[in-house]
Amino acid sequence: MKILLTAKQRGSANVLAPVARELLSRGHQVKLYATGNDTEAAGFAGLQYDKIDPTKDSYAQLVDGYDAVMVGLSGYNTPDGYFLRAANNKGIPTMAVQDQNSNYQERLGTNLADLPTLLAVMDEDCIETVRKELDGETGIEAAKRSRVIGWPAFDHYAALREGYTEQKREELLHKLGLNPDEPVYFHATQNIHPESAYMQRLTMPAEEKIRIFDYECAVTQAVLEFASDLDVKMVVKPHPGEEYQTNFTQELAHRHGDIYLPAKACNTQELMLASYSVTAGRSTCLTEATLLDKNAGAMLLGELGKAWSSACQPVNLNAIPVTYDDQGVKGVLALVTSHDETIARKLSENRKRFSVDGKASKRLADLVERLK
């Protein structure tokens, strides 16, 4: 088959990239178009793609001659939406791939004729959500066209999880000067100073940078204080962007008797694999830890934390415990660091709401092949 894959946003590119690799391995002709900025297009890293900025009257020509068109869902009035409708108008089978269970109307519109041939979604909950959000006949039809394929962007986590051995854990912890016979309770921070090199690159008002820094420091302070109350020694590792003339995270860790690891001490995923629990504030570590099947706890304190929670899939799916205020921090820490078998079993069962088997890309590729 001759297949066109295109995405604007990074999330969609991350989803389509492993599917492109799977289709190429099966001998299909695959053309990739990235229509976002350089950061968004980087989701296609390692693949041959063209970065384009099409005009509205060029989409019909761009889809011409393909057996199937697969798009991300960045929005109705974005290149993804224009590609989808251009292919529909030419009678080319289409597949739209959702990367989060929300904003279906903003991404697909309300017109029945604009729906893709098939809509790939992550789980059964998505089908009910699309039915409600699109409403009426369009919602009913969109639900009928939905197919559950899982999380292709995270397929590789299954291999990471299954390939991790006790020997690898011991080697890493010895390297870090930690005792392999003791459980590791890892807390990830993002206490990035407003005047750091990392923040200087961001086009954000100075007041907002200060607000975020103060917020992140307060989250770290709360976590380490309550961990101390529980007599739990944390292993604290900062975001690489925290590099600055003063090391605030190290100061906080030492103040509470916790173990501080420099950002470059090791690979963060490897540390998560070696850990018993992983806690964090507004961090993708929560997603990674859940997929790596570790006890994960979300510390999304205050309004900033609540606002960010919609982007955290494990929290959206109730796959991990979360708190939105200081008083809940101790409870979440007690849960994820507990060695009680009943608690551990319950946390593990909840994580299955957001888990991967490594086969989502293959399932999606199978669906594309059936479109012709």
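Scroll up for the structure.
Residues numbered from 1 in each chain as written. Predicted model: local features only at pLDDT ≥ 70, side-chain atom pairs only at ≥ 80, totals over all residues. Heavy atoms only, no water.

**Student:** Hey, could you run me through the overall build of the chain in this one?
**Tutor:** From N to C terminus, the chain includes 19 helices and 13 strands. For the chain, the spread of C-alpha atoms along the principal axes amounts to about 65 × 45 × 40 Å. Out of the 372 residues belonging to the chain, those deemed buried represent 54%. Counted over contacts in the chain with a minimum sequence separation of 6, partners at least 24 positions apart contribute 70%. About 17,100 Å² of surface is accessible on the chain, with carbon and sulfur atoms providing 46% of the total. Charged side chains in the chain number 41 positive and 51 negative. The centres of these two groups are separated by 5 Å. (Helix = DSSP H or I, 4+ residues; strand = E, 2+ residues; numbered from the N terminus. Buried < 20%, exposed > 50% of the residue type's maximum accessible area, 1.4 Å probe, protein only. Contact = heavy atoms within 4.5 Å. Areas by Shrake-Rupley, 256 points an atom, 1.4 Å probe, with all protein chains shown as cover. Lys, Arg positive; Asp, Glu negative; His and termini not counted. Charge placed at Lys NZ, Arg CZ, Asp CG, Glu CD.)

**Student:** For this particular structure, what's the right way to read the nonpolar core?
**Tutor:** Most often, soluble globular proteins keep nonpolar side chains buried together rather than apart. Counting 64 residues, the largest nonpolar core has Val63, Val69, Phe83, Tyr104, Leu108, Leu119 and Leu176 as the members making the most contacts within it. Looking at this core element by element, the count peaks at five residues for helix α4 (residues 79–89). Contact partners of Tyr104, with chain neighbours within four places excluded, come to Gln98, Gly109, Leu119, Val121, Cys126, Thr129, Val130, Glu133 and Leu134. Counting residues in hydrophobic clusters, the runner-up holds 28 residues, among them Ala13, Ala20, Leu364 and Val368. (Core = buried A, V, L, I, M, F, W, Y, C linked by side-chain atoms within 4.5 Å.)

**Student:** I would appreciate a short explanation of α4 in the present structure.
**Tutor:** Side chains three or four residues apart in an α-helix point the same way, a direct result of the helix having 3.6 residues per turn. Counting buried residues along α4, 10 of its 11 residues qualify, which places the element largely inside the surrounding structure. Within the span of α4, buried status applies to Pro79, Asp80, Gly81, Tyr82, Phe83, Leu84, Arg85, Ala86, Ala87 and Asn88.

**Student:** Even after reading the chapter, I still don't get the packing of helix α11 (residues 206–229) against helix α12 (residues 248–255), so can you show me in this structure?
**Tutor:** For any two helices packed against each other, one specifies the inter-axial angle together with the distance between the axes. Axis separation between α11 and α12 bottoms out at 10 Å; the angle between their running directions is 20 degrees. Regarding the angle of α11 to α12, the classification is roughly parallel. In this structure, α11 crosses over α12, and the sense of that crossing is right-handed. Contacts from Phe213, Cys217, Thr220, Gln221 and Leu224 of α11 reach α12 at Phe248, Leu252, Ala253 and Arg255. (Axes fitted to C-alpha atoms, helices over the stretch in contact; angles between N-to-C directions. Parallel < 35°, antiparallel > 145°, perpendicular 65-115°, else oblique. Left-handed = near helix turned anticlockwise from the far one by under 90°.)

**Student:** Before we go on, may I ask you to explain the sheet that holds strand β11 (residues 277–280) in this structure?
**Tutor:** Consider a sheet: its strands pair through backbone hydrogen bonds, and that pairing is either parallel or antiparallel. Taken in spatial order, the six strands of this open sheet run β10-β9-β8-β11-β12-β13, and their pairing is parallel. For this open sheet the edge positions go to β10 (259–260) and β13 (322–323), each flanked by a neighbour on one side alone. This element, helix α17 (residues 329–337), spans β8 (185–189), β11, β12 (295–299) and β13 of the sheet and lies at about 170 degrees to β12. (Pairing = 2+ DSSP bridges.)

**Student:** What should I look at first to understand α11 in this one?
**Tutor:** In this model, α11 (24 residues) spans 35 Å end to end at C-alpha, consistent with the 34 Å of a helix rising 1.5 Å per residue. Of the residues flanking the end of α11, it is Asp231, one or two places downstream, whose phi is positive at about 60 degrees. (Expected span 1.5 Å × (residues − 1).)

**Student:** Is there a simple way to think about a negative patch on the surface in this case?
**Tutor:** Negative charge collects at one region of the surface, where Glu170, Glu171, Asp181 and Glu182 lie side by side. The class of Glu170 is partly exposed, set by a relative accessible area of 35%. (Patch = residues over 30% accessible without salt bridge, like charges linked within 9 Å, V, L, I, M, F, W, Y side chains within 5 Å. Salt bridge = Lys/Arg side-chain N within 4 Å of Asp/Glu carboxyl O.)

**Student:** In this structure, what is going on with the side chain of Ser361? I would like to understand it.
**Tutor:** When you line up the elements, Ser361 lands in helix α19 (residues 360–371). Aside from chain neighbours lying at most four places away, what touches Ser361 is Pro18, Val19, Glu22, Pro152 and Asp155.

**Student:** When you look at the sheet that holds strand β2 (residues 29–34) in this model, what are you seeing that I'm missing?
**Tutor:** In spatial order, the strands read β3-β2-β1-β4-β5-β6-β7; together these seven strands make up an open sheet with parallel pairing. The sheet terminates laterally at β3 (50–51) and β7 (146–148), the two strands that pair on one side only. In this sheet, β2 lies alongside strand β1 (residues 2–7) in parallel orientation, the contact comprising six bridges. What sits directly across from Lys2, in β2, is Gln29.

**Student:** I tried to follow the pairing of β11 on my own but got confused; where do I start?
**Tutor:** In the case of a regular strand, side chains alternate between the two sheet surfaces. Of the two faces of β11, both are covered, the one formed by Ser277 and Thr279 as well as the one formed by Val278 and Ala280. Sheet topology places β8 next to β11; four bridges connect them, and they run parallel. What sits directly across from His187, in β11, is Thr279. Two elements, β11 and β12, share four bridges in a ladder whose sense is parallel. In the strand pairing of β12, Ala280 is matched with Ala298.

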